[in-house]
Every structure is written in C-alpha cells, then in structure tokens.
Amino acid sequence: GNRELIGRSLLVRDPEGPLSHSAFTIRTRFITAQANPRFYAYVFRTRLIRDTLSAQGNGTNISNLNQTILENLRVPEPPREVQDEIVDVLGAYDDLIENNTKRIKILEEMTSVAFSLMEAGASAATERALGDIVDEAGGVVRTGPFGSALHESDYTAEGSPVVMPKNLIAGRIDTSDIARIPDEVVEKLAQHKLSVGDIVYGRRGDIGRRAFI
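Residues numbered from 1 in each chain as written. Predicted model: local features only at pLDDT ≥ 70, side-chain atom pairs only at ≥ 80, totals over all residues. Heavy atoms only, no water.

**Notes on unusual backbone geometry**
We count it as follows: Secondary structure elements follow DSSP: runs of H or I no shorter than four residues count as helices, runs of E no shorter than two count as strands, and numbering proceeds from the N terminus.
Although it is not a glycine, Ala170 adopts a positive phi angle of roughly 50°. Mapped onto the secondary structure, Ala170 falls in the loop between β2 (168-169) and β3 (172-173).

Here it is, written out as structure tokens:
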C-alpha cells in the first residue's frame with residue numbers, strides 16, 4: 001500500500017524452511033538456464049527500475065503494482081555469459097556485506113553479554129543521566145529537524161543525504177535509497193550535520209534502529 005514499499009525485492013537463495021508469498025507481492029520465476037535469476041534480482045534493485053515501478057503503481061488511496069505492469073517492464077537482456085560475469089562481480093560485494101552483517105550481529109551479542117556481566121557486578125558501577133555525560137564531554141543530544149525546518153519540497157534527486165529511520169540498517173547507514181537535499185538547505189540546517197563519532201537513533205516508527213557514524 002505504501003508507495004515507498006513498491007519495488008522492494010529479494011532473491012530466494014537458501015530458505016531455512018518452506019516459504020510462500022502473499023497477495024501483496026509478485027513472484028518472478030525462471031525455469032530454463034537462459035536467464036540468471038540472480039542477475040535479474042540485481043536489475044530489480046537498481047534505482048531506475050524501482051523508480052519506474054513506483055511511478056507505475058496505480059491507485060488513488062492505495063498504490064498497486066499489478067502483474068501486467070511487471071510482465072511489460074522493459075529490462076536489459078544481455079547474453080547469459082554476461083549476466084554471469086555481472087553476478088560474479090556484484091555477488092562478491094553481496095557476500096562481503098553479508099559477512100560484515102553477521103560480524104556486526106556477533107559484536108552486538110558480545111556487547112550485550114559484556115553489559116550483562118557489568119550489571120552483575122553493578123555494586124561498583126554508577127549510573128548518570130545521558131544528557132549530563134554528553135554535556136561534560138562537550139556534546140549535545142538533539143532531535144532532527146521538524147517539518148517546519150525541512151519540507152518535502154526540499155528533497156532533490158542529488159545532494160547531501162538525509163538519514164531517516166529506514167536508512168539505519170544493522171548499525172550502519174544504508175544510502176542506496178536515501179533522501180537528499182541541496183547545499184543551500186544543508187547550510188540552513190547546519191546544526192543537524194552529522195560528524196564522526198555521532199550516534200543516530202530512530203525516534204519514530206521502528207524505535208531502536210541506530211547507527212554509529
């Protein structure tokens with residue numbers, strides 16, 4: 001229903017158990033070896049295709065991408081050997097991302113264990129308000145710009161990225177589909193610029209998403 005969700009895709013690679021898809025999704029299946037499914041999974045992830053599908057999702061109150069639109073979508077069709085070469089290159093990066101994501105999860109679990117051990121010996125530990133600690137460190141806790149300072153009309157195709165909760169993925173910032181603003185708006189919002197060492201925390205929707213800059 002949400003237009004921002006139209007065009008999201010995944011390639012089923014190694015499911016842990018049986019899977020089925022809902023009425024709100026469309027499945028594409030390649031039977032013969034003429035096409036590499038992973039190549040077309042990458043095609044679906046390109047901004048051009050996502051923007052095209054989002055624009056074609058029709059409906060007044062609820063956006064709707066139907067099967068006919070997907071079947072008639074114009075996509076590249078290089079020879080199978082070229083598809084395989086592209087998959088080999090991009091797949092290496094995907095594997096790196098997957099391994100790093102697993103490492104991040106392990107580190108988060110280790111951090112949780114470390115704090116549990118600290119809490120077990122909390123008699124020697126002290127607690128203070130986060131704001132007081134930040135103040136002493138010369139820092140600040142600040143909410144992002146509200147609607148009166150940053151309007152939807154300010155967003156552009158090019159420019160500086162604006163971090164939203166949906167961009168906070170696995171402790172990092174995912175810029176693959178991030179909103180952007182021009183330089184003149186950036187300068188107007190100078191107090192909201194992020195710096196190395198900042199911690200960004202989602203405060204609406206999926207509260208708890210965070211990233212360390």
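This is not the end of the story, as more comes after the structure.
**As for the side chain of Asn167**
The criterion, for reference: Burial classes follow relative accessibility: with a 1.4 Å probe on protein chains only, a residue under 20% of its type's maximum area counts as buried, one over 50% as exposed, and anything between as partly exposed. Whether two residues are in contact is decided by their heavy atoms, any of which lying within 4.5 Å being enough.
By the secondary structure assignment, Asn167 is in the loop between β1 (160-162) and β2. Overall, the relative accessible area of 3% leaves Asn167 in the buried class. When near neighbours in sequence (up to four residues on either side) are disregarded, Asn167 contacts Val162, Arg172, Ile173, Asp174, Asp177 and Ile178.

**With respect to the nonpolar core**
Note the following rule: Residue types Ala, Val, Leu, Ile, Met, Phe, Trp, Tyr and Cys, when buried and joined through side-chain atoms within 4.5 Å, form a set referred to as a nonpolar core.
Among the nonpolar cores identified, the biggest contains 13 residues, and Ile49, Leu53 and Leu73 are the most heavily contacted of them. Of all the secondary-structure elements, those providing two or more residues to this core are α1 (37-45), α2 (47-56) and α3 (67-71). Per-element accounting of this core gives the leading share, five residues, to α1. Formed by six residues, the second largest nonpolar core is a distinct cluster that contains Leu150, Val162, Ile181 and Val185.

The analysis is restricted to geometry; functional conclusions fall outside its scope.
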